[in-house]
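# Structural description and commentary
So you can see what is in the structure, the chains are spelled out below.
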Amino acid sequence: MKTYTEVLECARPCIGPYCKACPECSGKACGSKIPGPGAKGYGDTAIRNYDAWKKIRVKMDTLHPSGEPDLTFELFGKTFKAPIFAGPVGAVNLHYGDKYDDLQYNDLLVSGCADAGIAAFTGDGTNPKVMEGAAKAIAKAKGLGIPTIKPWNAQTVKEKMDIVKEAHPFALAMDVDAAGLPFLKNMTPPAGSKTVEELKEIIEMSDVPFIVKGIMTVQGALKAKEAGADAIVVSNHGGRVLDGCQATAEVLEEIAKAVGDEMKIFVDGGIRSGADIFKALALGADAVIIARPYVTAVYGAEQEGVQVLSGKLMNELADTMTMCGAANLKDISRDMVFVQ
């Protein structure tokens, strides 16, 4: 099994001209490079996401019973080794190099995550074959994946739903934050933002637990709840849709306080270590989603890379829990972190 450093070294020659496969992905090297993994405008939001987690400090307390912490996480009837999910990424050949296309990438990501004891959100694209490929990968993993449909127009959403239902996924998602992507706005009829009623109709079509990704305000969370969402993802699409946006770490706590007892709360955006995961859980998240580093892991060592990154994150989370006095995920509390 490779080390994480070796995975990064293997990724650099084949990941394309934009991503640098940095030791820790901060958004600073790629900046506003789109195509590429950069963020919209000046690249400010992706960097802010990353920096915001670093401003939160964990509180060390080693006066407690010894033992290995339990990272086990349950979601919608499934049990996972840790509260870590790989995020949906589309057009990988455009943004990260032509070693893989979306169909190959989703297949490697889904199977690698399943082998690691976690699950992946899969990406979407204008080409119907992308969703078809994601559905096949999830079916092969016995439903252990979450297809993520973009906020297309109503007819396209229905077509995508029909494709992914054949895979029998344990949950479905829509990244409503993708409304800021130009190619959605240029559709006929146009796609993009959804009303509560439109979202409710989409959720009713799903037949499985539904996750709404792209919530950045309490008001947005309450609208998702009204529409019938089973979970939300506090997310600004990695900074790729709105420059000058707040960081996810800056809004997570108030959103979790408002709806956390009624919906599962995911968060993404700049989370890069087990310590960051611990901080997110302490601020009210049930689980985290990590996207860009999993792209690097796939490009560096395919399924093995996914397992290496997942194992690294789990070990770091377990170490942080041990050093802060949390024997299991439920023990992680707000008073275990300091927010500057």
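Anyway, here's the lowdown on the structure attached to this text.

For the rest of this paragraph, the subject is the overall build of the protein. What the protein contains, in helices and strands, is twelve helices and twelve strands. Scaling as 2.2 N^0.38, a compact globule of 340 residues should have a C-alpha radius of gyration of about 20 Å, and the protein matches this with 19 Å. Referenced to the eigenvectors of the C-alpha coordinate spread, the extents of the protein come out at roughly 60 × 45 × 40 Å. The buried share among the 340 residues of the protein stands at 56%. Of all intrachain contacts in the protein linking residues separated by at least 6 positions in sequence, the fraction that spans at least 24 positions is 72%. Total accessible area computed for the protein in this model is approximately 14200 Å², and 51% of it derives from carbon and sulfur atoms. Considering the protein, the positive charge centre built from 37 side chains and the negative charge centre built from 43 side chains are found 4 Å apart.

To continue, consider the pairing of strand β6 (residues 146–149). Residues of β6 alternate between two faces, with I146 and T148 on one and P147 and I149 on the opposite face, all of them buried. As paired strands, strand β5 (residues 119–122) and β6 are joined by two bridges and run parallel to one another. Note that in β6 the partner of T122 across the bridge is P147. Assessed by its sense of winding, the connection that carries the chain from β5 through helix α5 (residues 128–140) to β6 is right-handed. Bridge count for β6 against strand β7 (residues 172–175) is two bridges, and the pairing is parallel. What sits directly across from I149, in β7, is M174.

This brings us to the packing of helix α4 (residues 102–116) against α5. Two elements in contact, α4 and α5, have axes whose closest approach is 8 Å; the angle formed by their N-to-C orientations is 20 degrees. In terms of orientation, α4 lies roughly parallel with respect to α5. When you trace α4 past α5, the crossing you get is right-handed. Mapping the contact onto sequence places D102, L103, N106, D107 and V110 in α4 and K129, V130, G133, A134, A137, I138 and K140 in α5. Residue classes in the contact of α4 with α5 are distributed as six nonpolar, two polar and four charged.

If you walk through the whole model with that rule in mind, you get 17 salt bridges. The partner of K158 in a salt bridge is D162, and the shortest N-O contact between them spans 3.3 Å. With a gap of four residues between them, K158 and D162 both fall in helix α6 (residues 154–165), about one helical turn apart. Under the relative-accessibility criterion, D162 is labelled partly exposed at 39%.

Relative to the elements of secondary structure, K165 occurs in helix α6. Put simply, K165 and D207 are 42 residues apart on the chain and 8.6 Å apart in space, counted from C-alpha to C-alpha. When neighbours within four sequence positions are excluded, K165 is seen to be in contact with M205, S206 and D207. A distance of 2.5 Å separates a polar side-chain atom of K165 from the backbone oxygen of M205.

Now for the sheet that holds strand β11 (residues 287–290). Hydrogen bonds between backbone groups are what pair the strands of a sheet, and the pairing can be parallel or antiparallel. Spatial ordering of the closed barrel is given by β4-β5-β6-β7-β8-β9-β10-β11, a layout of eight strands whose pairing is parallel. In this sheet, neighbouring strand axes are inclined to one another by 25 degrees on average, regardless of whether the strands run parallel or antiparallel. Helix α9 (residues 218–227) contacts β8 (210–215) and β9 (231–234) of the sheet and is inclined by roughly 160 degrees relative to β8.

Okay, the side chain of S26 next. Along the polypeptide, S26 turns up in the loop between α1 (4–11) and α2 (44–54). Residue classification places S26 among the buried residues on the basis of a relative accessible area of 14%. Within the structure, S26 has its side chain in polar contact with the backbone nitrogen of K28 (distance 3.3 Å). The contacts of S26, once residues within four sequence positions are left out, are A46, I47 and Y50.

Our focus in this paragraph is the environment of P169. The residue P169 is located in the loop between α6 and β7 in this model. Here P169 falls in the buried class, since its relative accessible area comes to 7%. A C-alpha to C-alpha distance of 34 Å links P169 and G43, two positions 126 residues apart in sequence. When neighbours within four sequence positions are excluded, P169 is seen to be in contact with I138, G143, G145, P147, V164 and V208.

Take the packing of α9 against helix α10 (residues 248–259) next. Viewed as axis vectors pointing N to C, α9 and α10 meet at an angle of 35 degrees, and their least axial separation amounts to 9 Å. In the packing of α9 onto α10, the handedness of the crossing is right-handed. Residue-level contacts link V218, A221 and L222 of α9 to E254, I255, A258 and V259 of α10. Looking at the contact of α9 with α10 residue by residue, the classes come out as six nonpolar, no polar and one charged.

Attention shifts here to the environment of T195. Position of T195 relative to the elements: it lies in the loop between α7 (182–185) and α8 (196–206). Among the residues examined, T195 registers a relative accessible area of 43% and is labelled partly exposed.

So, how was this worked out
- Residues numbered from 1 in each chain as written.
- Predicted model: local features only at pLDDT ≥ 70, side-chain atom pairs only at ≥ 80, totals over all residues.
- Heavy atoms only, no water.
- Helix = DSSP H or I, 4+ residues; strand = E, 2+ residues; numbered from the N terminus.
- Rg over C-alpha atoms; globule rule 2.2 N^0.38 Å.
- Buried < 20%, exposed > 50% of the residue type's maximum accessible area, 1.4 Å probe, protein only.
- Contact = heavy atoms within 4.5 Å.
- Areas by Shrake-Rupley, 256 points an atom, 1.4 Å probe, with all protein chains shown as cover.
- Lys, Arg positive; Asp, Glu negative; His and termini not counted.
- Charge placed at Lys NZ, Arg CZ, Asp CG, Glu CD.
- Pairing = 2+ DSSP bridges.
- Right-handed = clockwise from strand over helix to strand, strands pointing away.
- Axes fitted to C-alpha atoms, helices over the stretch in contact; angles between N-to-C directions.
- Parallel < 35°, antiparallel > 145°, perpendicular 65-115°, else oblique.
- Left-handed = near helix turned anticlockwise from the far one by under 90°.
- Nonpolar A, V, L, I, M, F, W, Y, C, P; charged D, E, K, R; others polar.
- Salt bridge = Lys/Arg side-chain N within 4 Å of Asp/Glu carboxyl O.
- Polar contact = N/O pair within 3.5 Å; in protein donor to acceptor, adjacent residues only side chain to side chain.

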